[in-house]
Amino acid sequence: SFALQFVSVPADFINGLARVQFPAYAQLEREDPRLGAILVNVLRAALFLGLPILGALVVGAPEIVPAIWGDKWLAAIPAMRALVPHVAADLLALQLFTFMQGRGRAGLALALYAVWSIGLWIVAGAAIAFLPTSLPAIATAYGLVTGAVFVFLLVWASRYLRVSLLRAILTPVLAATAGFAAAVGVELACGSMAEKVFLALG
(Lines give C-alpha, C1' and ligand atoms only; values in the text may rest on other atoms or scores of the structure.)
Protein backbone atom coordinates (compact mmCIF):
# COMPACT_ATOMS: atom_id res chain seq x y z
CA SER A 1 0.00 0.00 0.00
CA PHE A 2 2.83 2.39 0.83
CA ALA A 3 4.59 1.71 -2.48
CA LEU A 4 1.36 2.17 -4.44
CA GLN A 5 0.53 5.47 -2.75
CA PHE A 6 4.07 6.72 -3.28
CA VAL A 7 4.24 6.05 -7.02
CA SER A 8 0.61 7.01 -7.75
CA VAL A 9 1.33 10.71 -7.25
CA PRO A 10 1.74 11.35 -11.04
CA ALA A 11 -1.59 9.66 -11.83
CA ASP A 12 -3.38 11.79 -9.23
CA PHE A 13 -1.72 14.91 -10.61
CA ILE A 14 -2.47 14.15 -14.28
CA ASN A 15 -6.10 13.20 -13.64
CA GLY A 16 -7.03 16.87 -13.96
CA LEU A 17 -6.28 16.76 -17.69
CA ALA A 18 -9.14 14.33 -18.23
CA ARG A 19 -11.69 16.50 -16.44
CA VAL A 20 -10.71 19.58 -18.43
CA GLN A 21 -11.10 17.81 -21.78
CA PHE A 22 -14.38 16.02 -21.04
CA PRO A 23 -16.63 18.75 -22.56
CA ALA A 24 -14.67 18.64 -25.83
CA TYR A 25 -15.00 14.86 -25.99
CA ALA A 26 -18.76 15.14 -25.52
CA GLN A 27 -19.43 18.03 -27.91
CA LEU A 28 -17.30 17.38 -30.99
CA GLU A 29 -18.56 15.16 -33.80
CA ARG A 30 -16.88 11.82 -34.39
CA GLU A 31 -15.70 12.92 -37.85
CA ASP A 32 -14.22 16.19 -36.54
CA PRO A 33 -10.40 15.92 -36.83
CA ARG A 34 -10.08 18.05 -33.71
CA LEU A 35 -11.47 15.19 -31.61
CA GLY A 36 -8.59 12.86 -32.43
CA ALA A 37 -6.06 15.69 -32.18
CA ILE A 38 -7.26 16.59 -28.68
CA LEU A 39 -7.00 13.01 -27.47
CA VAL A 40 -3.51 12.60 -28.95
CA ASN A 41 -2.35 15.84 -27.33
CA VAL A 42 -3.83 14.82 -23.96
CA LEU A 43 -2.13 11.41 -24.08
CA ARG A 44 1.19 13.00 -24.97
CA ALA A 45 0.80 15.61 -22.24
CA ALA A 46 0.04 12.88 -19.71
CA LEU A 47 3.23 11.11 -20.75
CA PHE A 48 5.46 14.18 -20.83
CA LEU A 49 4.19 15.45 -17.47
CA GLY A 50 3.61 12.19 -15.64
CA LEU A 51 6.51 9.98 -16.62
CA PRO A 52 9.29 12.37 -15.51
CA ILE A 53 7.59 12.71 -12.12
CA LEU A 54 7.23 8.94 -11.87
CA GLY A 55 10.86 8.42 -12.86
CA ALA A 56 12.10 10.99 -10.36
CA LEU A 57 10.09 9.41 -7.55
CA VAL A 58 11.22 5.86 -8.27
CA VAL A 59 14.87 6.66 -8.94
CA GLY A 60 15.04 9.04 -5.98
CA ALA A 61 13.15 6.72 -3.62
CA PRO A 62 16.31 5.46 -1.80
CA GLU A 63 16.93 9.05 -0.65
CA ILE A 64 13.35 10.35 -0.43
CA VAL A 65 11.77 7.49 1.52
CA PRO A 66 14.15 7.30 4.51
CA ALA A 67 14.39 11.09 4.72
CA ILE A 68 10.62 11.51 5.11
CA TRP A 69 9.21 8.19 6.34
CA GLY A 70 12.19 6.38 7.81
CA ASP A 71 14.40 3.45 6.94
CA LYS A 72 11.74 0.82 7.65
CA TRP A 73 10.03 1.67 4.36
CA LEU A 74 13.11 1.01 2.24
CA ALA A 75 11.82 -2.55 1.80
CA ALA A 76 9.01 -1.12 -0.35
CA ILE A 77 11.38 0.22 -3.02
CA PRO A 78 11.50 -3.01 -5.12
CA ALA A 79 7.71 -2.95 -5.19
CA MET A 80 7.77 0.70 -6.30
CA ARG A 81 9.96 -0.20 -9.25
CA ALA A 82 7.75 -3.13 -10.16
CA LEU A 83 4.73 -0.80 -10.07
CA VAL A 84 6.13 1.49 -12.79
CA PRO A 85 4.24 -0.28 -15.66
CA HIS A 86 1.02 -0.13 -13.63
CA VAL A 87 1.29 3.61 -12.98
CA ALA A 88 2.45 4.41 -16.53
CA ALA A 89 -0.52 2.52 -17.99
CA ASP A 90 -2.82 4.12 -15.41
CA LEU A 91 -1.74 7.60 -16.53
CA LEU A 92 -3.10 6.91 -20.02
CA ALA A 93 -6.01 4.69 -19.03
CA LEU A 94 -7.55 7.53 -17.03
CA GLN A 95 -7.54 9.75 -20.11
CA LEU A 96 -9.03 7.03 -22.30
CA PHE A 97 -11.74 6.19 -19.78
CA THR A 98 -12.78 9.85 -19.81
CA PHE A 99 -12.80 9.85 -23.61
CA MET A 100 -14.99 6.72 -23.63
CA GLN A 101 -17.45 8.32 -21.21
CA GLY A 102 -17.47 11.59 -23.16
CA ARG A 103 -18.41 9.71 -26.32
CA GLY A 104 -21.50 8.29 -24.63
CA ARG A 105 -20.09 4.87 -23.74
CA ALA A 106 -20.55 5.18 -19.98
CA GLY A 107 -21.92 1.65 -19.74
CA LEU A 108 -18.91 0.16 -21.48
CA ALA A 109 -16.59 2.26 -19.32
CA LEU A 110 -18.31 1.07 -16.15
CA ALA A 111 -18.16 -2.58 -17.25
CA LEU A 112 -14.49 -2.25 -18.15
CA TYR A 113 -13.72 -0.57 -14.83
CA ALA A 114 -15.41 -3.47 -13.04
CA VAL A 115 -13.33 -5.96 -15.03
CA TRP A 116 -10.22 -3.96 -14.17
CA SER A 117 -10.98 -3.97 -10.44
CA ILE A 118 -11.90 -7.64 -10.33
CA GLY A 119 -8.86 -8.52 -12.44
CA LEU A 120 -6.57 -6.71 -10.01
CA TRP A 121 -7.96 -8.71 -7.10
CA ILE A 122 -7.73 -12.03 -8.92
CA VAL A 123 -4.23 -11.63 -10.38
CA ALA A 124 -2.82 -10.03 -7.22
CA GLY A 125 -4.43 -12.81 -5.19
CA ALA A 126 -2.77 -15.41 -7.41
CA ALA A 127 0.58 -13.67 -6.92
CA ILE A 128 0.09 -13.74 -3.16
CA ALA A 129 -0.89 -17.41 -3.27
CA PHE A 130 2.13 -18.51 -5.30
CA LEU A 131 4.72 -15.96 -4.07
CA PRO A 132 3.43 -14.77 -0.69
CA THR A 133 6.68 -13.13 0.36
CA SER A 134 7.36 -11.24 -2.90
CA LEU A 135 6.04 -7.68 -3.01
CA PRO A 136 7.47 -7.14 -6.53
CA ALA A 137 5.44 -10.12 -7.78
CA ILE A 138 2.23 -8.55 -6.47
CA ALA A 139 3.20 -5.21 -7.99
CA THR A 140 3.94 -6.90 -11.32
CA ALA A 141 0.45 -8.45 -11.22
CA TYR A 142 -0.98 -4.94 -11.00
CA GLY A 143 1.00 -3.94 -14.07
CA LEU A 144 -0.21 -6.91 -16.09
CA VAL A 145 -3.89 -6.17 -15.44
CA THR A 146 -3.66 -2.40 -15.88
CA GLY A 147 -1.57 -2.86 -19.02
CA ALA A 148 -4.21 -5.17 -20.51
CA VAL A 149 -6.98 -2.66 -19.74
CA PHE A 150 -4.94 0.14 -21.28
CA VAL A 151 -4.33 -1.87 -24.46
CA PHE A 152 -8.06 -2.54 -24.78
CA LEU A 153 -8.85 1.16 -24.33
CA LEU A 154 -6.18 2.18 -26.82
CA VAL A 155 -7.45 -0.27 -29.45
CA TRP A 156 -11.05 0.81 -28.88
CA ALA A 157 -10.25 4.53 -29.16
CA SER A 158 -8.06 3.97 -32.24
CA ARG A 159 -10.84 2.09 -34.01
CA TYR A 160 -13.42 4.64 -32.93
CA LEU A 161 -11.37 7.55 -34.28
CA ARG A 162 -9.83 5.57 -37.16
CA VAL A 163 -6.35 6.80 -36.19
CA SER A 164 -3.27 5.06 -34.82
CA LEU A 165 -2.96 6.28 -31.25
CA LEU A 166 -0.12 3.85 -30.61
CA ARG A 167 2.03 5.56 -33.23
CA ALA A 168 1.28 8.92 -31.62
CA ILE A 169 2.52 7.90 -28.16
CA LEU A 170 5.19 5.35 -29.06
CA THR A 171 8.14 7.77 -29.17
CA PRO A 172 7.65 9.29 -25.68
CA VAL A 173 7.00 5.85 -24.21
CA LEU A 174 10.21 4.44 -25.69
CA ALA A 175 12.18 7.51 -24.62
CA ALA A 176 10.87 7.26 -21.05
CA THR A 177 11.58 3.53 -20.92
CA ALA A 178 15.14 4.05 -22.11
CA GLY A 179 15.67 6.89 -19.63
CA PHE A 180 14.32 4.88 -16.71
CA ALA A 181 16.40 1.84 -17.63
CA ALA A 182 19.52 4.01 -17.93
CA ALA A 183 18.87 5.64 -14.54
CA VAL A 184 18.40 2.28 -12.82
CA GLY A 185 21.50 0.94 -14.57
CA VAL A 186 23.60 3.87 -13.36
CA GLU A 187 22.25 3.45 -9.84
CA LEU A 188 23.08 -0.26 -9.79
CA ALA A 189 26.53 0.36 -11.25
CA CYS A 190 27.30 3.09 -8.72
CA GLY A 191 26.00 0.92 -5.88
CA SER A 192 28.18 -1.97 -6.98
CA MET A 193 31.21 0.29 -7.32
CA ALA A 194 30.65 1.81 -3.89
CA GLU A 195 30.36 -1.65 -2.37
CA LYS A 196 33.66 -2.70 -3.95
CA VAL A 197 35.40 0.43 -2.66
CA PHE A 198 33.98 -0.15 0.82
CA LEU A 199 35.18 -3.75 0.83
CA ALA A 200 38.60 -2.73 -0.43
CA LEU A 201 38.95 -0.09 2.28
CA GLY A 202 37.60 -2.45 4.95
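Computed from a predicted structure; not experimentally measured.

Let us now look at the packing of aromatic side chains. A complete count under the given rule lists eleven aromatic pairs for this structure. Geometrically, the ring pair formed by Phe97 and Trp116 is stacked, given 5.7 Å between the ring centres and 10° between the ring planes. Taken together, the positions of Phe97 in helix 5 (residues 84-102) and Trp116 in helix 6 (residues 106-130) put the pair 19 residues apart, joining distant regions of the chain. A single burial state applies to Phe97 and to Trp116, both of which are buried. Cluster of aromatic residues (ring-pair linked, three or more members): Phe2, Phe6, Trp69 and Trp73. The ring of Tyr160 has Arg30 lying over it, and the distance from NZ or CZ to the ring centre is 4.1 Å.

Turning our eyes to something else, we now look at the side chain of Asp90. Looking at the element boundaries, Asp90 is found in helix 5. Using a relative accessible area of 13% as the deciding quantity, one classes Asp90 as buried. Those residues in contact with Asp90, other than ones at most four positions away along the chain, are Ala11, Trp116 and Thr146.

Per-residue pLDDT for the protein has a mean of 85; in total, 88% of the residues score no lower than 70. Of all helices and strands in the protein, the one with the weakest mean pLDDT is helix 8 (residues 165-201) (64), whereas helix 6 scores best (94). For residues 192-201, every residue scores under 50 in pLDDT, and the model assigns this stretch zero contacts once sequence neighbours within four places are set aside.

All right, on to a nonpolar patch on the surface then. A cluster of nonpolar side chains, contributed by Ile68, Trp69 and Trp73, occupies part of the molecular surface with about 310 Å² of accessible area. Positionally, Trp73 belongs in the loop between helix 3 (33-68) and helix 4 (77-82).

All right, on to helix 2 (residues 9-27) then. For helix 2, the principal kink sits at Gln21 and spans about 40°; a proline, Pro23, occurs within the next four residues. Residues of helix 2 that are buried include every one of Pro10, Ala11, Ile14, Ala18, Ala24 and Tyr25, and no others.

Taken as a whole, this structure holds one salt bridge when the rule is applied. A salt bridge links Asp32 to Arg34, with the shortest nitrogen-to-oxygen separation between them at 2.7 Å. We classify Asp32 as buried; its relative accessible area is 18%.

Below, the discussion takes up the packing of helix 5 against helix 6. Remark: helix 5 packs on helix 6, axes separated minimally by 8 Å, with the N-to-C direction vectors making an angle of 150°. Here helix 5 lies roughly antiparallel to helix 6, going by the angle between them. Crossing of helix 5 over helix 6 shows left-handed handedness. Residue-level contacts link Asp90, Ala93, Phe97, Met100 and Gln101 of helix 5 to Ala106, Leu108, Ala109, Leu112, Tyr113 and Trp116 of helix 6. Residue composition of the contact of helix 5 with helix 6, by class: nine nonpolar, one polar and one charged.

This part covers unusual backbone geometry. In this model, Arg162 sits at a positive phi of 60°, which is unusual for a non-glycine residue. Inspection of the secondary structure puts Arg162 in the loop between helix 7 (135-161) and helix 8. In this structure Arg162 comes out as exposed when scored by relative accessible area, which is 64%.

What counts, and where the lines are drawn
Residues numbered from 1 in each chain as written. Predicted model: local features only at pLDDT ≥ 70, side-chain atom pairs only at ≥ 80, totals over all residues. Heavy atoms only, no water. Phe/Tyr/Trp six-rings, centres within 6.5 Å; stacked < 30°, edge-to-face > 60°. Helix = DSSP H or I, 4+ residues; strand = E, 2+ residues; numbered from the N terminus. Buried < 20%, exposed > 50% of the residue type's maximum accessible area, 1.4 Å probe, protein only. Lys NZ or Arg CZ within 6 Å of the ring centre and 35° of its normal. Contact = heavy atoms within 4.5 Å. pLDDT = per-residue confidence, 0-100. Patch = residues over 30% accessible without salt bridge, like charges linked within 9 Å, V, L, I, M, F, W, Y side chains within 5 Å. Areas by Shrake-Rupley, 256 points an atom, 1.4 Å probe, with all protein chains shown as cover. Salt bridge = Lys/Arg side-chain N within 4 Å of Asp/Glu carboxyl O. Bend = angle between axes of the 7 residues up to and from the residue. Axes fitted to C-alpha atoms, helices over the stretch in contact; angles between N-to-C directions. Parallel < 35°, antiparallel > 145°, perpendicular 65-115°, else oblique. Left-handed = near helix turned anticlockwise from the far one by under 90°. Nonpolar A, V, L, I, M, F, W, Y, C, P; charged D, E, K, R; others polar.

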